[in-house]
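Commentary on secondary and tertiary structure
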Amino acid sequence: MRSKAATLANLHTARYVITAAANALWRNRTMNVGAIITTAIMLITLAAFLAINDTLDQMVVGLGRKSNLIAYVRDEARPSAITELVRDLQRRPGVAEVRYVTKEEALAQFRSQFVEQADLLDLLQSNPLPPSVELRMNDPAALPALAGELRGRGDLFDDVVVPLDVVERLTSISNVSRAVGTAMVIALTGVTLFVIVNTIRIAVYARRQEIEIMKLVGATDWFVRGPFVLEGAAIGAIGALLAAITLVIIYAQAAPTVARIIAFLPISTDLEFVRYLAVFTVLVGLVVGALGSYFSVRRYLSV
Amino acid sequence: MIVLQEVVKVYANGTRALDGISLEIPERDFVFLVGPSGAGKTTLIRMLNRDESPTSGAVFVQNVDVTRLKPSELPSLRRRVGMIYQDYKLLPTLSVWENVAFVLKATGEFRPEARDRIASVLKLVGLGERHGHYPRQLSGGEQQRAAIARALVRDCPILIADEPTGNLDQETGWETIQLLVKINALGTTVLMATHNRELVDTMRRRVIAIDRGRVVRDEIEGSYVG
């Protein structure tokens, strides 16, 4: 009987909290719409930064995968030393695949890649192409150090070729972008929190008498706080939802165009990440809104 | 039962509002708390629902030391102590009925049968016909009666009134006191802080006089001035 009464009381409280939050959202609609738009703008910027960071990361990884480091083996290099080095390279972090290409394989590869010039090779008495060790990377950031190390093995290799410039530049852009992105995430989350906190603080101030009376008659903290937390969460979530929808639309429109313009770079047009980002953005809005409101109303609860 | 033991309250600015007050108010008692402005009446009253905490000493309400309650336990205390204020503290955007019902909603006790309870309380205070009016549409006396109805609707065993007749004319003040006497007769302990000499002298109830934060007089059938 007692638990039924408690359940009924909880249901009444939940109904009150939802109704009060909905009323407050409507009553303060001008201010709330402002807060929602500001939140949406902040979160679009935030999500855009995250999307750019992800694109840069994908580009770096994509280029890294394509960046086959090729080390041309000296004629006089001992086969056992090459075999040992290949085994060693396979165990290195950041290395996806190591392949030893024999002279014959190199020739076959040349013939298949340059079909029209294949006759040139027939003019030669012997196969001029050297054997090589080719590396495919998981982590392009490891490439410069590895290239330097192999160049230092003059006893084994004549030359080491690697498209370092593009990868290095992209890696450094990605690092800068990640640092800027992190700072932006913190700053924009802070600004969003500030906007929501102030919107709710004004709402709390307008209803301070009601809050005081509620506390004096024995309302629980959650009865007082609930409508404000829900109102803040709604502002954050609606703003974030607008941001997420905008982000998905812009990305779906812009990514294929950018990928077409910069065809040589592996820009992903996959919407899956953006969908995750949209869900993340909505969650950020919801949590920031709820937390902001929670702290806004706290000082008025010490009656 | 209300018990105060050596209660001292010193505010941050150094004002000693209560200076070692001890007193006992048994259940069903009707007590006037009198004294000049600044004597400490309101501070004492605010101790009883932990609107204020003492600097030292203990305050027992129904055998619970309210000074030791955690913040999460305060709602339970405040549901047992009905408060009536000089400025009524009614919500202007709610009707009389809604103001009374609001207390039940705020404490999670609003049930369909509560409507009958609200109706009977409003009838008891003489506002049965004016339940749909807003505070601004009521006289001072009616607003005070609405505030009393709000305090009564929860069947609080203790009713504390801080200058409830302070804003009322003599006749309305008298009606309010009669209402509190009626409520006391139904079993509620009533503690009322007042400056109204005539009412206190006419009622001849227990009078606790305080001055400069100390109890200076405690009489069973007292008067405003000893």
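Residues numbered from 1 in each chain as written. Chains lettered and ligands numbered in written order. Predicted model: local features only at pLDDT ≥ 70, side-chain atom pairs only at ≥ 80, totals over all residues.

**Considerations on the nonpolar core**
B:L33 and B:A149 are the most contacted members of the largest nonpolar core, which has 117 residues in total. With 16 residues, helix α9 (residues 221–261) of chain A is the single largest residue contributor to this core. Beyond its immediate sequence surroundings of up to four residues, B:A149 is in contact with B:V100, B:V121, B:L122, B:V125 and B:L127. Counting residues in hydrophobic clusters, the runner-up holds eleven residues, among them A:L69, A:V73, A:L150 and A:F157. (Core = buried A, V, L, I, M, F, W, Y, C linked by C-beta atoms within 7 Å. Buried ≥ 20, exposed ≤ 12 C-beta atoms within 10 Å, placed from the backbone. Helix = DSSP H or I, 4+ residues; strand = E, 2+ residues; numbered from the N terminus. Contact = placed C-beta atoms within 7 Å.)

**What to know about the interface of chain B and chain A**
Each partner contributes residues to the interface: chain B has 16 residues there, and chain A has 16 residues. Among the elements of the structure, α2 (74–78) and α3 (96–106) of chain B are those that each provide at least two residues to the side of chain B that touches chain A. The dominant element in the side of chain B that touches chain A, judged by the number of residues it contributes, is α3(B), at three residues. Here the residues of the side of chain B that touches chain A sort into six nonpolar, three polar and seven charged. (Nonpolar A, V, L, I, M, F, W, Y, C, P; charged D, E, K, R; others polar.)

**Some details on the confidence of the model for chain B**
The pLDDT averaged across chain B works out to 91; a share of 100% of its residues lies at or above 70. Across the predicted assembly, pTM comes out at 0.65 and ipTM at 0.78. (pLDDT = per-residue confidence, 0-100.)

**With respect to the environment of A:R74**
All names here are of chain A. The residue R74 is located in the loop between β1 (69–73) and α3 (79–90) in this model. For the pair R74 and L156, spaced 82 residues apart in sequence, the C-alpha separation works out to 5.5 Å. Dropping the residues within four chain positions of it, R74 is found in contact with L156, F157 and D158.

**Notes on the packing of α9(A) against helix α10 (residues 272–298) of chain A**
All names here are of chain A. Orientation of α9 relative to α10, taken along the N-to-C sense of each, is 155°, at an axis distance of 7 Å. Accordingly, the angle class assigned to the pair α9 and α10 is roughly antiparallel. α10 is crossed by α9, and the crossing has right-handed handedness. Among the residues forming the contact of α9 with α10, the class breakdown is 23 nonpolar, nine polar and three charged. (Axes fitted to C-alpha atoms, helices over the stretch in contact; angles between N-to-C directions. Parallel < 35°, antiparallel > 145°, perpendicular 65-115°, else oblique. Left-handed = near helix turned anticlockwise from the far one by under 90°.)

**Some words on the sheet that holds strand β9 (residues 206–211) of chain B**
Strand pairing in a sheet is mediated by backbone hydrogen bonds. Such pairs are either parallel or antiparallel. Residue and element names in this part refer to chain B. Sheet architecture is open: six strands sit in the order β6-β7-β8-β3-β9-β10, paired in mixed fashion. Edge positions in the sheet fall to β6 (81–85) and β10 (214–219), since each has one partner strand and no second. Taking each pair of neighbouring strands and ignoring which way they run, the sheet shows an average axis angle of 15°. Pairing of strand β7 (residues 158–162) with strand β8 (residues 189–193), which is carried by five bridges, proceeds in the parallel orientation. Residue I158 lies in a different strand from β8, and its bridge partner there is T189. Lying on the sheet, helix α1 (residues 41–48) is in contact with β3 (30–34), β6, β7, β8 and β9; it crosses β7 at an angle near 150°. Packing of helix α6 (residues 170–185) onto the sheet brings it into contact with β3, β7 and β8, and relative to β8 it is tilted by some 155°. (Pairing = 2+ DSSP bridges.)

**A look at the sheet that holds β1(A)**
Residue and element names in this part refer to chain A. Strands sit in the order β2-β3-β1-β4 across an open sheet of four strands; the sheet is antiparallel. Both outer strands of the open sheet, β2 (95–101) and β4 (157–161), are each paired with one neighbouring strand and no more. Sheet twist, expressed as the mean angle between neighbouring strand axes with direction ignored, is 15°. Bridge count between β1 and β4: four bridges; the pairing is antiparallel. Counterpart to Y72 in the pairing with β4 is D159.

**Remarks on the environment of A:I249**
Looking at the element boundaries, A:I249 is found in helix α9. C-alpha separation for the pair A:I249 and A:V274, spaced 25 residues apart in sequence, amounts to 9.8 Å.

**Considering α1(B)**
One turn of the α-helix equals 3.6 residues, which is why residues spaced by three or four share an orientation. Residues and elements named next belong to chain B. Taking burial as the measure, the eight residues of α1 include six buried ones, the bulk of the element. Those residues of α1 that fall on the buried side of the exposure criterion are K41, T43, L44, I45, M47 and L48. Where α1 ends, the next residue or the one after it, R50, has phi of about 55°, a positive value.

**Observations concerning the packing of α3(B) against helix α5 (residues 140–152) of chain B**
All names here are of chain B. Put simply, α3 and α5 touch, their axes get as near as 8 Å, and they point 30° apart. Looking at the two axes, α3 sits roughly parallel to α5. As α3 runs across α5, the sense of the crossing is right-handed. Of the residues in α5, those touching α3 at V96, N99, V100 and V103 are A146, A149 and R150. Looking at the contact of α3 with α5 residue by residue, the class counts come to five nonpolar, one polar and one charged.

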